[in-house]
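Read off the chains here:
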Amino acid sequence: MAKDTHPTPMLDDLETGPWPSFISGIKRLRDKHPDKRINEMANSLLGQLEHSYETRKGYWKGGTVSVYGYGGGIIPRFSEVGKAFPESKEFHTLRVQPPAGNFYTTAMLRQLGDSWEKYGSGLVTFHGQTGNIMFIGASTENTQHFFDEINEYGWDLGGAGPCVRTAMSCVGAARCEMSCAHEHSIHRHLVNNFTDDVHRPALPYKFKFKVSGCPNDCQNSIERSDFAVIGTWRDDMKVNQDEIKYYIKKKGRQYLLDNVIARCPTQAISLTDKDEFVVDNHNCVRCMHCLNVMPRALHPGDDKGVTILIGGKRTLKIGDLMGTVVVPFMKLETEEDFERIVGMAEEIIDFWAENGLEHERTGEMIERIGLVNFLEGIGIDVDPHMVNYPRQSSYIRMDGWDEEAEKWFERKREQKLAASA
Ligand code: SF4
């Protein structure tokens, strides 16, 4: 328990709401933790937060804090009211990369927790918006000690700043029957190749990889990553007619008609008079709705692979962007396949590093220079399956395509001539 606790009337009020409060968590560290240093840090933190609420001002300022050999991974926080709240005057956050799919053992978690209680404030977020484990609240000196200790048993810092960021992948085949890809292997192949770019920020802005094993896209990769890898299949969906009949027996024929058949966005499924479930696989757009409603009866086909979408991001200069399909389908099984996807990522990052403006995400660059120029830059041939607005427009018109392309080449030739004149 801290010696003289700061009064926190405004923060106390936050605890009265319906949800568990972060204030209660910090108070537990202040009152119940056996380590005096942690009690005092939590007390000081609550004092500053109450002061912020009273004065309606934030008192954290940034700076430069790093560990040896790294240029990122730590969010520095120095207090402007450190004299009044000295125990939390340096309260830096360390971003630590989680394992692919967020699979931990309790032994790993205990080890991390012990190191953090030794050097930090005891406050942790699993996981922050960036996908990292956020260790919140270390002094400048202890930042290095904590990193050295956890690095010794295998953990590494994540990305922060204009660099390749910490990647994320869904729980995957280990626990999900819809998985169509080796999510964790893809995750590790991509990130391991860009370790330098994670730790030394030298890009126009952030670049994120996210991997989802099926089109449910549990990682939101399509809208939250520059390089989204989403598992899919290209042969026929697997249908277990016995399970369909069991479903009808349980829920009723009309229920299936109303909630599955009628909700297929492309009207690709039907039910015969004999309750046979028929799929028009050519018109199925893999929205996953029917598979999600009847997971025992329906499964992805056997010919599995991934779709790659580039340029998704949340709001910044030109608003939210969904990723654009640049590789409609590719197999990802052999070492050569993995080399191909890593090579493609290198190509894209190099092109963006050279052509992106400062503080410009890949998707924003594509909007500015045009998709055709981007595809030419990374050496990928244009394909009618490259969907610009997924789930809104599932195809593009090909009539007049060649004439338009010819006009474009003509314009480029003229621009080159004008430039060389
Ligand atoms: Fe229709 Fe979606 Fe089922 Fe395909 S996955 S058949 S598009 S509901």
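What counts, and at which threshold
- Residues numbered from 1 in each chain as written.
- Predicted model: local features only at pLDDT ≥ 70, side-chain atom pairs only at ≥ 80, totals over all residues.
- Heavy atoms only, no water.
- Helix = DSSP H or I, 4+ residues; strand = E, 2+ residues; numbered from the N terminus.
- Contact = heavy atoms within 4.5 Å.
- Polar contact = N/O pair within 3.5 Å; in protein donor to acceptor, adjacent residues only side chain to side chain.
- Pairing = 2+ DSSP bridges.
- Axes fitted to C-alpha atoms, helices over the stretch in contact; angles between N-to-C directions.
- Domains from an automatic or database assignment.
- Phe/Tyr/Trp six-rings, centres within 6.5 Å; stacked < 30°, edge-to-face > 60°.
- Buried < 20%, exposed > 50% of the residue type's maximum accessible area, 1.4 Å probe, protein only.

## A word on the environment of Ser 169
Then, in step 1: With respect to the helices and strands, the residue Ser 169 is situated in strand E7 (residues 168-169).
Then, in step 2: Between the C-alpha atoms of Ser 169 and Arg 314, which are 145 residues apart in sequence, the distance is 18 Å.
Then, in step 3: Those residues in contact with Ser 169 that lie beyond four places of it in its chain are Ala 100, Gly 101, Glu 183, His 184, His 187, Val 211 and Gln 219.
Then, in step 4: Looking at Ser 169, its side chain comes within polar contact range of the side chain of His 187, at 2.7 Å.

## Considerations on the sheet that holds strand E6 (residues 133-138)
Strands belonging to one sheet form pairs held by backbone hydrogen bonds; the direction of such a pair is parallel or antiparallel.
Then, in step 1: Across the sheet, 4 strands lie side by side as E2-E4-E6-E5; this open sheet has antiparallel pairing. With one partner strand each, in any of the chains shown, strand E2 (74-75) and strand E5 (123-126) form the two edges of the open sheet.
Then, in step 2: Relative to strand E4 (residues 92-96), E2 is paired through 2 bridges, and the arrangement is antiparallel. Residue pairing in the sheet places Ile 75 in a bridge with Thr 93 of E4.
Then, in step 3: Each of E4, E5 and E6 is contacted by helix H4 (residues 106-119), which is oriented at about 20 degrees to E6, the strand it contacts most.
Then, in step 4: Packing against the sheet, helix H5 (residues 140-152) makes contact with E2, E4 and E6, and its axis sits at approximately 20 degrees to E4.

## Examining the domain arrangement of the protein chain
Then, in step 1: Taken domain by domain, the protein chain consists of domain 1 (9-55), domain 2 (61-152), domain 3 (168-234 + 303-420) and domain 4 (238-299).
Then, in step 2: The C-alpha centroid of domain 3 is placed 43 Å from the C-alpha centroid of domain 1.

## Side note on the packing of aromatic side chains
Then, in step 1: Applying the stated criterion across every chain yields a total of 13 aromatic pairs.
Then, in step 2: For the pair Phe 207 and Trp 352, a centre-to-centre distance of 5.6 Å together with 45 degrees between the ring planes defines the contact as tilted. Here Phe 207, found in the loop between helix H7 (195-199) and strand E8 (209-212), pairs with Trp 352, found in helix H12 (residues 335-355); they are 145 residues apart in sequence, far enough to count as distant.
Then, in step 3: A relative accessible area of 0% places Phe 207 in the buried class.
Then, in step 4: Trp 352 sits in the buried class, given a relative accessible area of 0%.
Then, in step 5: Summarising the aromatic geometry, the rings of Phe 351 and Phe 374 are spaced 5.9 Å apart at their centres and angled 70 degrees between planes, so their arrangement reads as edge-to-face. In this pair, Phe 351 is assigned in helix H12 and Phe 374 in helix H14 (residues 371-378), connecting sequence segments 23 residues apart.
Then, in step 6: By relative accessible area, which is 15% here, Phe 351 ends up buried.
Then, in step 7: Here a set of aromatic residues connected by ring pairs shows up, and it is made of Phe 194, Phe 207, Phe 209, Phe 227 and Trp 352.

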